[in-house]
Amino acid sequence: MNRNMLLYDINQLLFFGVMGVSFLACAAYLVFFISQKNHIRVWARSILTVSWLLQTAYIAARYLAIGNTPITTYHETVFFFAWATTSAYLSFRWRYTVRNFGTFVSLLIFGLLLVSSFTSREVIPLEPALQSWWLPVHAGISLIAYGFLALAFCGGIMYLLQERELKSRRLGYFFSRLPSLDALDQLNSHCLALGFTFLCLGMVTGLFWSKQAWGTYWRWNPKEVCSLVIWLIYLVQIHQRFTVGWRGRRAAIMIVVGFGVVIVTLWQVLT
Amino acid sequence: MFQKHISLLGVNHKSTPLEIREKMALTDGYEGPLSRLRDQPSVQEYYLLSTCNRVELIWVSDDTEKTTESMLRFLFGDAVTQQDWGKYSYLYHDGEAVKHLFRVSASLDSMVVGEAQILGQIKEAYRYASQYGCTGPLLNKLLHKSFSVAKRVRSETGIGSSAVSISSAAVELARKIFGNLSDKKVLLIGAGEMAELAAEHLIGQGVQSVAVANRTLSRAVALAKRFNGKACSLEELGSQMEQVDIIVSSTGASELIIRSEDVKPLMRTRRNRPLFFIDIAVPRDLDPALNELDNVFLYDIDDLSQVVEMNRSERQKEAIKAHRIVDEETLKFSSWQESLTVTPTIAALRRKADAICEQELAKTLARMELDSAERDKVEKLARAIASKMLHNPLRYLKSESCRKGDELKIDMVRTVFGLEDDDPE
């Protein structure tokens, strides 16, 4: 009992730490976006890395406190979503840089964390039928897929902003700050490919989990239908991109819309 | 007291018309003029900058009046009569001269404010000057400072960051669309002068190839040869547009050459790779509706001028910041120069020794319990050591060789004792 109280306190502390540090990272990225001073970017990135460490610690502490992977309630899922997005961004950033990408991503991460802070942090015991190691594998992989799709969403927004300035011939605030259309399009392509790969893995593991829990692979319940819709939306995009060379504005709009559907149905897919 | 003065004499695109600048005999590289400058009397250090827009002469001497006249004679030769010398040139001394050089190096005095070329030219001229032993401690410091001022202005203001000519604006836009230009192909339609200029700029950015299409094929062939590209006729436009990425059009045709309907079906075979149309013809060659196609970007001459105009006014704003930096650095340099005389150096040296004594005494005495007689003795001891240590350096500073105003020696003493760091600003 005493141990649980302690874990609960650590949990609380870590959560506030994550919120505070992520807010700082977001603010630093915004200051960088406005001032374009490079040393601020280095700071912002370090702060975001600290935020990632704290997020990881929070998930670990919650795992210890409740005994199963914290990926089942609204709060846990949205938090894990934010963690996956941060991880995806940091892993991506490690390979190559896209100018001012961090500002958009850190805003999204902070937004997700904010949503998670407004949901109940109460622990809901898991139905015995669902207790299986398929659960963390399936949910984890799916959320990592969402993390990459979230990056693609940020890239899509940036693409649309830059494209609008170029098309309108009024080169304003974003023109010098955002990277070239080509760089953004490539970024979207990469994120989409990675995200879709994880999405497929998530679907497959979901099937096995369903088989184990309910004895059948597919039951046509709303949750499954929603996942199928999301999967089809991204399948079409991938197909168009790699066969007829779909790109540019329309592709960026599809990425943004696709992610919108992900967010809306996330509430459905949950529980 | 011998005081050295820095003077600057120059002509530039604002002060002097081109006809006169052309006549001034400083266009034969640096070697000749620099060796002629060596024979000027009373000039201790000198530096010459000569570009197509300006000639700047900087020298150090202790007799400004006499040297100014001989320098004017050197600069103008027979190109201008003596009474017009003042009209066509500008002359600055000391702080003003330093400020002018900093402005030039920061590209605030250039025809196109913020262009980066001038700094390279100043550096090249300095290489020659130091190679022929023309500069000494004062000008070495001054020129190195001017490089760092230029660098500071560039990094702290946005003065050189945006394009201010039609063709560089086109390149800037192409970069924002394509990112890397090294695998991109350019097609010129019409062989006008503007198209040529734009193509040169794009080649400077490393585009892969240039093709030229023109009504008269011979003209296209001639231009294509210049760019190492290939020529084609206007009938081949359709197939060309499937391959190229940037199209610059500048024909004298009175009606549209490329219509939106012509390009739309091509986008599928292009696999939607972006197309950038630049229309610098008046009347326009390209259908304005092209801009509405996905992945197609169209800029005409008015759009480009608008971009340039916007960037220009942005640069003017940034120039105000840059002037402040230049003023600041000029003050710093002047105070450094003033410190290079014997009297302030001796005072600074004494101040430093006193400060060290006070500091160390305070530290030691705080930990000891001494009566006032003993305290006195310890204080005396410390001061005696300090002044014995300073004895020789001070004698050296007061000696005849330093009294003449040998900046190198004074600067050395200041550096050895670290006097620059603790001078009151």
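In short, a report on the structure. Throughout, residues of each chain are indexed from 1 in the direction in which the sequence is written. Each chain gets a letter, beginning with A, and each ligand a number, beginning with 1, in the order they are written. The model is predicted, so local features are restricted to residues of pLDDT at least 70 and side-chain atom pairs to those at 80 or more, both for listing and for counting; the totals for chains, interfaces and linings are taken over all residues.

Digging into the overall build of chain A
Now for step 1: Looking only at helices and strands, chain A features 9 helices and 0 strands.
Now for step 2: Helix numbering and strand numbering both begin at the N terminus, where a helix is a DSSP run of H or I of at least 4 residues and a strand a DSSP run of E of at least 2. Helices (α) and strands (β) of chain A occur, in sequence order from the N terminus, as α-α-α-α-α-α-α-α-α.
Now for step 3: The globule rule puts the C-alpha radius of gyration for 271 residues at 18 Å, and the 19 Å found for chain A is close to it.
Now for step 4: Taken along its principal axes, the extent of the C-alpha atoms in chain A is 60 × 45 × 30 Å.
Now for step 5: Exposure classes come from backbone-placed C-beta atoms, where a residue is buried if 20 or more other C-beta atoms lie within 10 Å of its own, exposed if 12 or fewer do, and partly exposed in between. Buried residues in chain A amount to 39% of all 271 residues.
Now for step 6: Throughout, a residue-residue contact means that the two C-beta atoms, derived from backbone geometry, are no farther apart than 7 Å. Nonlocal contacts in chain A, meaning residues at least 24 apart in sequence, comprise 80% of its contacts between residues at least 6 apart. As a reference, a globule follows 2.2 Å times the number of residues to the power 0.38, and the radius of gyration itself is taken over C-alpha atoms.

So, unusual backbone geometry
Now for step 1: One non-glycine residue, W220 of chain A, lies in the positive phi region at around 55°.
Now for step 2: Within the secondary structure layout, W220 of chain A lies in the loop between helix 7 (181-214) and helix 8 (222-243).
Now for step 3: Assessed through the 8 C-beta atoms surrounding it within 10 Å, W220 of chain A is described here as exposed.
Now for step 4: One non-glycine residue with positive phi stands out, namely S42 of chain B, at about 60°.
Now for step 5: Inspection of the secondary structure assignment puts S42 of chain B in the loop between helix 2 (31-38) and strand 2 (45-50).

Let's talk about the interface of chain B and chain A
Now for step 1: At the junction of the two partners, chain B supplies 16 residues and chain A supplies 16 residues.
Now for step 2: The set of elements that each furnish at least two residues to the side of chain B that touches chain A consists of helix 8 (166-178), strand 10 (296-300) and helix 14 (301-339) of chain B.
Now for step 3: By residue number, the principal contributor to the side of chain B that touches chain A is helix 8 of chain B, which donates 4 residues.
Now for step 4: Under the convention adopted here, Pro, Cys and the residues Ala, Val, Leu, Ile, Met, Phe, Trp and Tyr are nonpolar, Asp, Glu, Lys and Arg are charged, and Gly plus all remaining residues are polar. Its residues assigned to classes, the side of chain B that touches chain A shows 7 nonpolar, 4 polar and 5 charged.

Looking at the sheet that holds strand 5 (residues 185-189) of chain B
Residue and element names in this part refer to chain B.
Now for step 1: Two strands form a pair only when DSSP identifies at least two bridges running between them. The 6 strands are arranged 7-6-5-8-9-10 in an open sheet whose pairing can be described as parallel. With partners counted over all chains shown, the strands left at the sheet margins are strand 7 (230-232) and strand 10, one partner each. For this sheet, the mean inter-axis angle between neighbouring strands, taken without regard to orientation, is 20°.
Now for step 2: In terms of strand pairing, strand 8 (residues 246-249) meets strand 9 (residues 275-279) through 4 bridges, oriented parallel. Looking at the pairing, V248 lines up with I278 of strand 9.
Now for step 3: Those strands touched by helix 14 are strand 9 and strand 10, and its axis lies near 80° from that of strand 10. Here an angle of 0 to 180 degrees is reported between the N-to-C directions of two axes, which are lines fitted to C-alpha atoms, with helices fitted over the stretch in contact.

Considering the pairing of strand 2 of chain B
On any regular strand, side chains alternate: one points to one face of the sheet, the next to the other face.
Residues and elements named next belong to chain B.
Now for step 1: The element strand 2 is extensively covered by neighbouring structure, given that 6 of its 6 residues are classed as buried.
Now for step 2: Across the two faces of strand 2 the burial is the same, with E45, Y47 and L49 and Y46, L48 and S50 all buried.
Now for step 3: Bridge count between strand 2 and strand 3 (residues 54-61): 6 bridges; the pairing is antiparallel. Within strand 3, the residue paired with E45 across the bridge is V60.
Now for step 4: Adjacent in sequence and paired antiparallel, strand 2 and strand 3 are bridged by 3 residues.

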